[in-house]
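# Structure at a glance
Each chain, letter by letter, is given below.
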Amino acid sequence: MKPNLDHVFSALADPTRRRIVARLARGEATVMDLAAPFKMTQPSVSKHIKVLERAGLVSRSRLAQTRPCRLEPAALRAAMEWTGSYRMLWEDSFDRLSDFLDENSNTKKKDGGNGR
Amino acid sequence: MAGSKDFRIFEVTRQLRHPRSTVWDAWSRRDQIEKWWGPKGCAVRALRFEFRPGGFFHYSMEAAVAPTMWGRFNFLEISAPDRIVWLNSFANRDCGMARAPFSDKCPLEILNIVTFSGTPEGTTQTLRAEPFGATEDEMQFFEDLCSSGSLAQGFGGTFDQLSEHLNGELDAQFSR
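Here's a quick rundown of the structure. What you see is a predicted model, and the numbers here were worked out from it, not measured in a lab.

### A few points about the overall build of chain A
Looking only at helices and strands, one finds five helices and two strands in chain A. Each helix and strand of chain A, placed in order from N terminus to C terminus, yields the pattern α-α-α-α-β-β-α. By the burial criterion, 31% of the 116 residues in chain A qualify as buried. Nonlocal contacts in chain A, meaning residues at least 24 apart in sequence, comprise 48% of its contacts between residues at least 6 apart.

This is how it looks when you write it as structure tokens:
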């Protein structure tokens, strides 16, 4: 499933689901494992897992009957990806701004300067 | 709206060897901002430049081998000479908001605050940004994810691969 940032954000808007994600970041867990520390019934944990699955954040193994849940880093990566690209865009732009200001001030000195 | 100190996701600071009024001109004048703003390898041209709250900076980004893209700043707050707040997004050719042309993974709008403070050597310029409309809880969670050593270990080096992958992918995106 292709991660979509809006789905990721809305899935993570719920505090219980954030705790489930944080737990799964430490390793796979079954619905039963997840239900115990959260004092929740298995069906209500299952509902949260379904939302996380739809957002692409969690997948469930089909190999074992307990179908352990695991975190899918791709969706989290998608959610964080923009920061890397946006940072690079601005760092490049700031490099050019710095060069531009240097050139501009040299030009002004030669022209006798009309800058403030 | 979040105050500037609530921003946690993204911050870039740069020391500039020029007085604040000179730096301010580089941001606030159409013929200056188009000379330095934009993705590497793209020629940026200002199509619309209204430097006032509610106004737009609408620009085209032209690269040698890629189709033209457009973007826009929608200025929210302008406090000369120390602070500019705006929403940044991709745009269509008519300055309407648009999704990133290369990915649906970027937030539709990014809220930006740039501040300028005078120093004996020149100006300290700090840009902070975060996805517009994200809640405080979501921001906290992302901060935890991004900074959590245990999470990185849990992923078994995924984040190292991730940053390598991102660097390659971004070079490809922006140098096209």
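### What about the overall build of chain B?
A count of helices and strands for chain B gives five helices and eight strands. In sequence order, chain B lays out its α and β elements as β-α-α-β-β-β-β-β-β-β-α-α-α. Taking all 176 residues of chain B together, 26% fall into the buried category.

### Structural notes on helix α4 (residues 42-54) of chain A
Residues and elements named next belong to chain A. For α4, built from 13 residues, the straight-helix expectation of 18 Å at 1.5 Å per residue is met to within 8% by its first-to-last C-alpha distance of 18 Å. Residues of α4 that are buried: Val45, His48, Ile49 and Leu52. Buried positions in α4, seen along its axis, are confined to an arc of 105 degrees and lie on one side of it. Facing away from the buried side of α4, by more than 90 degrees, are the exposed residues Pro43 and Lys50.

### Describing the environment of alanine 74 of chain A
Relative to the helices and strands, alanine 74 of chain A resides in helix α5 (residues 73-111). The spacing of alanine 74 of chain A and glycine 56 of chain A is 18 residues in sequence and 7.9 Å in space, taken between C-alpha atoms.

### Some points on the environment of glutamate 72 of chain A
For glutamate 72 of chain A, the location among the structural elements is in the loop between β2 (69-71) and α5. The spatial distance from the C-alpha of glutamate 72 of chain A to the C-alpha of leucine 57 of chain A is 5.1 Å, given a sequence separation of 15 residues.

### Re the packing of helix α3 (residues 31-38) of chain A against α4 of chain A
Residue and element names in this part refer to chain A. Where α3 contacts α4, the two axes come as close as 9 Å, and the packing angle between them is 110 degrees. Judged by the angle between their axes, α3 and α4 are roughly perpendicular. Along the contact surface, α3 presents Val31, Met32, Leu34, Ala35 and Phe38, while α4 presents Gln42, Val45, Ser46 and Ile49.

### With respect to the nonpolar core
The biggest cluster of nonpolar side chains holds 21 residues, and the ones touching the most others in it are Leu101 of chain A together with Val23, Ala26, Trp27, Ile33 and Trp36 of chain B. Elements with a contribution of two residues or more to this core: α5 of chain A together with α1 (20-28), α2 (30-36), β3 (56-62), β4 (69-79) and β5 (83-91) of chain B. Broken down by element, this core gets its largest block of residues, four residues, from α1 of chain B. Ala11, Leu12, Ala29 and Leu71 of chain A belong to the second largest nonpolar core, which has 19 residues in total.

### Overview of the environment of alanine 66 of chain B
Locating alanine 66 of chain B in the fold gives a position in the loop between β3 and β4. Note: C-alpha distance between alanine 66 of chain B and cysteine 42 of chain B (24 residues apart in sequence) is 9.4 Å.

### Brief notes about the pairing of β3 of chain B
All names here are of chain B. Here six bridges tie strand β2 (residues 43-49) to β3, and the two strands are oriented antiparallel to one another. Counted as the bridge partner of alanine 46 is tyrosine 59 from β3. Counting the residues in the hairpin turn of β2 and β3 gives six residues, including glycine 54, whose phi is positive at 90 degrees. Relative to β4, β3 runs antiparallel, the two being bridged by six bridges. When the bridges of β4 are listed, serine 60 appears paired with tryptophan 70.

Parameters at a glance
- Residues numbered from 1 in each chain as written.
- Chains lettered and ligands numbered in written order.
- Predicted model: local features only at pLDDT ≥ 70, side-chain atom pairs only at ≥ 80, totals over all residues.
- Helix = DSSP H or I, 4+ residues; strand = E, 2+ residues; numbered from the N terminus.
- Buried ≥ 20, exposed ≤ 12 C-beta atoms within 10 Å, placed from the backbone.
- Contact = placed C-beta atoms within 7 Å.
- Expected span 1.5 Å × (residues − 1).
- Arc of directions from axis to C-beta.
- Axes fitted to C-alpha atoms, helices over the stretch in contact; angles between N-to-C directions.
- Parallel < 35°, antiparallel > 145°, perpendicular 65-115°, else oblique.
- Core = buried A, V, L, I, M, F, W, Y, C linked by C-beta atoms within 7 Å.
- Pairing = 2+ DSSP bridges.

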